[in-house]
Amino acid sequence: MAKIVKKGVKGAAANFITRQQALNKLQISLADFRRLCILKGIYPREPKNKKKANKGSTAPSTFYYVKDIKYLLHEPLLMKFREYKAFAKKLNKVLHKGEYSAAKSLEENNKPVYTLDHIVKERYPSFVDALRDLDDALSMLYLFSMMPADNKIKADAVAECQKLIAEFQGYVMKSKSLRRVFFSIKGIYYQAEIKGQTITWVVPYQFSQDIPTDVDFRVMLTFLEFYRTLVGFVNFRLYNEINMTYPPKIDETGGFHLDEAMPVNNAKNDDEEENTADSIDEFKSTSAEDDENTVTLAKIQAASNATSDLQNLFKNQKFYLSRETPRYALEFMITSCGGQVSWDASVGVNPPFPESDETINYQITDRPVVSNRVLGRTYVQPQWVADCINACKIVKPSLYEPGCTLPPHLSPFVESKEGDYVPASGIDSEDEEEIAAIEEDKPKTKKRTAAEIEEEEVKEMSTVMMTNKQRKLYTKMQYGIQQKADEVAKLEKKKKALKSKK
Amino acid sequence: MSGGIQKKRSQPSRKGKKAWRKNVDITDIEEGQEELRSIERIVGHNKELKNEELFTIDVAGDSGVKRKLAKDRPLRIDQILDQRSAVPAVKSKNAFKKPETTQVIESKHEFKSVDKILKRKSDAPIKPVSKKKVKVSTDKSYDLWDEPAAAEQQPNTDFLPVKAKLRVPKTVTEKPAGLIHLAAVDTPEGGHSYNPDVIEHQKLLVKANEVEERKIEVLKKLQEQLSYRDELKLLAGELSNTEITAEGKIISTAVDEEEQEEDLEDKPTDDKATKKRKAAERKTRAQRHKSHRLATEELEKKQKLQERAIRQQIDILRQIEEELKIKNEELKINAEKRGERQAEEEKKGLKKLGKYTVPELPVDVQLTDELCETLRQLKPEGNMFRERFHSIQKRNIIEPRIPVIPSRKYKLKEYERRGYKNFDQLEDIKKKRATNKK
């Protein structure tokens, strides 16, 4: 006979613990418990059978793993919270008596201070893990960097946010890792690639944000605290990797512009880049047999070419930003692609070159009419920069003239599947138009290579071998695909007709 | 004897040794005797003393009398002052009086505050040498993920008990499904652009419209449930026309339905008829046999039919097998699809965690006439705080909570005291008086 096991010893009842039980075990208040869970990364769970987990009761409650809570007992932060509670009691007492000097001295000398370094190390054992969580952290920091300091948000927290953001932007500018930009109605979305990880973050526009009442602010502040520590460490590591001193000297307050005069060791980096390029070439020459290998390798090569194109997109180009354009976004975007930027003196401190400089190639302006146009300069609207970066090439600036209706700003995050209609929206550069014209003139050749013939034969065989049911499914699929292709062809025809009309 | 004169009863009796000793005071006689005996002890029994040996003359004088006489004398200072000199004296203020260092305290409040300051000074502890508060810089100065070289060997500490390393349980590293599969920052759709393509914008508008339509549907349903239905109006008419009889039957008493009444009347309602019916319910033997026979025949028929069906099925066994196969495959496919769907649902994260469900954010979209042409004229939509908080809840990092608004359990009761019953009237009178005075 099987061994008799007592009820409540094994299974869901023994693995899950309710929130109230956890509080009793840890002996802290609910607010402190929530803070601790957020900081340590302990999440509430949902058991499969709530009735069993809650020992017969079906009252709605939050559950946690018992092992997680037992692990929390060893956390040194618990002691710090309790010390802080005792300190808060003393401070309150002194304040209510009216002894303000004593209160000040208490706060200066006796306040318990804690750091979250060990928690960051526990949660992200390797650097790559930390990079994966970086997008949430960056979005939070950007959000808080624009808040005014008040009762709940301390001024030094906001200042630290701004500093960390400036440092991270400086790193992206130096390493040229920006890949995609998108101006949306909510904010500006950026995507960068750091150490193989794609990091997407959103920056709100610089308007004053009001804090809605249905958002729990203490939760946000706890997250902010944790992310500040995380991004601080990540920045340190990133700066070390490109051999720059951390913390860098930031030039001005209120702007995200780093001082360029930093001890940089760039020679080493150039050598490394060359080596990688050579290695790729060598690999290609040795293995030319397998079809699949060359296809993937071609893809890799194409990708690396694309990134290097992007990094040198605005090389040796000088830009001037008009007063009404968002400097915080455009400066970052242009510098990450190798260009040089300057701005008006009323917007920021220390512009590198003035407006009257003759070597300026592009001036970015957002006005309906531009007076005093300078010959030799191209005047464009800010969307041109974003579209260039998304397309990885210099787009026709004539479409973005100040005052004319812009082509639609497409989302670079939406990847079109095969066969979908891609609204090209006239973003062809001049070269592409010529190529398209040439292709139309070429007559359709009926020659097919041997591989293609073989492929077709294989397809025919498989259609014969199919069962009725499979064949029906196949025909239905083909019908659907054909319909899509017809639609696309129709739309393209329309586009061509419109173009020829113009 | 019992005249007007009453006997004095104040004097206690002295009769007897006890009463005598109690009531008679002979202390002075005793003292005199003691003196004589003490002198006798010194001087002797027979010796006679002379006057000079017994008595002395006080020459020193009584101190009390002396004091009294001294009181009448004028003070020395007055004597000095009386020696009026020709030179007039320098008029000075009261030399013993200290100049007032503080102002005269006029109010109680001032007095209290001054008192406080005094107390504070006496209460404050002796200030220790204040250490210069070193501002702890928040800059990170070391690489957290740096793998240091192998730690140096500690010099011979095997006698110390090895501190066991804290083992992190597996469940801590398990993340909820929402956290793994959902992105922290959602990639925006094409319609969210500030200058969107027409098709994409329309798609997004359709999406937002769907959400709103769903909300309207929910409201409609609620309204339907709460509103008074039309069918009930007819029912009301019916209720007025019907009655329930003693036997629980519902009879309509409408004038129009005469036929129904007739039918009802035909049914047996007197006792005799019921008796008959009951008698008729008893079966005779023949009837019993008949019903039994019929029942068995029916059973047999059923069995025969069943056997026939089975025989027929045996004939078409192969077909049945094929059908079963197809059915099983279908079931398998359905089960697979269900499994996939469940996995997909899980990846989206838990919708309900704890007591409340994760709320849905409205779709941020600008209507066609709100769309602006330039970046400068753009008015941002949506609140980034709300979005970030919603993202946290969606990924199940936090359980959704509703802010607890303090509300009263019992309604407030208002009372009016007797003294304030005429409060308003009194106020009016006061006002009138004030205006009259003016």
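Residues numbered from 1 in each chain as written. Chains lettered and ligands numbered in written order. Predicted model: local features only at pLDDT ≥ 70, side-chain atom pairs only at ≥ 80, totals over all residues. Heavy atoms only, no water.

An unreviewed UniProt entry annotates chain B as Ribosome biogenesis protein NOP53 originating from Thamnidium elegans. UniProt annotates chain B under Sequence similarities (unreviewed entry) with the comment "Belongs to the NOP53 family." Under the UniProt heading Function (unreviewed entry), the note attached to chain B is "May play a role in ribosome biogenesis." (UniProt positions renumbered as here; feature names shortened; annotations may be inferred.)

As annotated in an unreviewed UniProt entry, chain A carries the name Pescadillo homolog and comes from Thamnidium elegans. Taken from UniProt, the Subunit (unreviewed entry) comment for chain A reads in full: "Component of the NOP7 complex, composed of ERB1, NOP7 and YTM1. Within the NOP7 complex ERB1 appears to interact directly with NOP7 and YTM1. The NOP7 complex also associates with the 66S pre-ribosome." Word for word, the UniProt comment on chain A under Function (unreviewed entry) is "Component of the NOP7 complex, which is required for maturation of the 25S and 5.8S ribosomal RNAs and formation of the 60S ribosome."

**What to know about the overall build of chain B**
In terms of helices and strands, chain B carries 16 helices and four strands. Counting over 438 residues, chain B shows a buried share of 13%. Here the analysis covers contacts within chain B between residues at least 6 apart in sequence; of these, 55% occur between residues at least 24 apart. Accessible surface computed for chain B: about 42900 Å², of which carbon and sulfur atoms make up 54%. (Helix = DSSP H or I, 4+ residues; strand = E, 2+ residues; numbered from the N terminus. Buried < 20%, exposed > 50% of the residue type's maximum accessible area, 1.4 Å probe, protein only. Contact = heavy atoms within 4.5 Å. Areas by Shrake-Rupley, 256 points an atom, 1.4 Å probe, with all protein chains shown as cover.)

**Re the overall build of chain A**
Within chain A one finds 19 helices and nine strands. For chain A, buried positions account for 40% of its 502 residues. Partitioning the intrachain contacts of chain A with sequence separation of at least 6 by distance along the chain shows that 60% fall at a separation of at least 24. Total accessible area computed for chain A in this model is approximately 29200 Å², and 52% of it derives from carbon and sulfur atoms.

**A look at the pairing of strand S6 (residues 318-321) of chain A**
Residue and element names in this part refer to chain A. Residues Lys318 and Tyr320 line one face of S6 and the alternating positions Phe319 and Leu321 line the opposite face, and both faces are buried. Across four bridges, the pairing between S6 and strand S7 (residues 340-343) is parallel. Note on S7: the bridge partner recorded for Tyr320 is Ser342. Viewed along the sheet, the connection from S6 through helix H15 (residues 327-336) into S7 turns out right-handed. Relative to strand S8 (residues 362-364), S6 runs parallel, the two being bridged by three bridges. When the sheet's bridge partners are listed, Leu321 is paired in S8 with Ile364. (Pairing = 2+ DSSP bridges. Right-handed = clockwise from strand over helix to strand, strands pointing away.)

**Considerations on the UniProt feature "coiled-coil region" (unreviewed entry) in chain B**
Using the residue numbers shown here, the UniProt feature "coiled-coil region" (unreviewed entry) corresponds to residues 310-346 of chain B. Its end C-alpha atoms 46 Å apart, residues 310-346 of chain B is made of 97% helix and 0% strand.

**Observations regarding the confidence of the model for chain B**
Residue and element names in this part refer to chain B. Across chain B, pLDDT averages 83, with 84% of residues at or above 70. Confidence scores differ between elements of chain B, with helix H11 (residues 258-266) showing the lowest mean pLDDT of 49 and helix H13 (residues 285-315) the highest of 95. Below pLDDT 50 for its whole length, residues 261-265 participates in two contacts with residues either more than four positions away or in separate chains. (pLDDT = per-residue confidence, 0-100.)

**With respect to the side chain of B:Thr374**
Relative to the helices and strands, B:Thr374 is located in the loop between strand S4 (356-357) and helix H15 (384-394). Judged by relative accessible area, which is 13%, B:Thr374 ranks as buried.

**As for the interface of chain A and chain B**
Contacts between the two partners involve 85 residues from chain A, matched on the other side by 62 residues from chain B. Where chain A abuts chain B, roughly 6900 Å² becomes buried across the two surfaces, and 65% of that area is made up of carbon and sulfur atoms. The largest share of the area that chain A buries against chain B comes from A:Tyr43, A:Ile185 and A:Lys186, three residues that together contribute 12% of it. Our count for the contact surface shared by chain A and chain B stands at seven salt bridges. Here B:Arg395 and A:Asp136 are joined by a salt bridge, their closest N and O atoms 2.8 Å apart. Our count for the contact surface shared by chain A and chain B stands at 26 residue pairs in polar contact (both at pLDDT 80 or more). Top contributing element to the side of chain A that touches chain B by residue count: helix H12 (residues 217-241) of chain A, with 10 residues. Its residues placed into classes, the side of chain A that touches chain B shows 48 nonpolar, 15 polar and 22 charged. (Buried area = accessible area lost by both parts, 1.4 Å probe. Salt bridge = Lys/Arg side-chain N within 4 Å of Asp/Glu carboxyl O. Polar contact = N/O pair within 3.5 Å; in protein donor to acceptor, adjacent residues only side chain to side chain. Nonpolar A, V, L, I, M, F, W, Y, C, P; charged D, E, K, R; others polar.)

**Some words on the packing of helix H10 (residues 134-145) of chain A against H12(A)**
All names here are of chain A. Between H10 and H12, whose axes approach to 9 Å, the crossing angle comes to 115 degrees. Put simply, H10 runs roughly perpendicular to H12. In the crossing of H10 with H12, the sense of the turn from one axis to the other is left-handed. The segment H10 lies against H12, with Leu134, Asp136, Ala137, Met140, Leu141, Leu143 and Phe144 engaging Phe217, Met220, Leu221, Phe223, Leu224, Tyr227, Arg228, Leu230, Val231 and Val234. (Axes fitted to C-alpha atoms, helices over the stretch in contact; angles between N-to-C directions. Parallel < 35°, antiparallel > 145°, perpendicular 65-115°, else oblique. Left-handed = near helix turned anticlockwise from the far one by under 90°.)

**Re helix H6 (residues 76-97) of chain A**
Residue and element names in this part refer to chain A. For H6, with 22 residues, the first-to-last C-alpha span of 33 Å sits near the 32 Å given by 1.5 Å per residue. For H6, the complete set of buried residues consists of Leu77, Leu78, Phe81, Phe87, Leu91 and Val94. Along its buried surface, H6 packs onto helix H2 (19-26), helix H3 (30-40), helix H5 (66-72), helix H7 (100-110) and helix H8 (117-123). Trailing H6 by a residue or two, Gly98 shows a phi angle of about 95 degrees, which is positive. (Expected span 1.5 Å × (residues − 1).)

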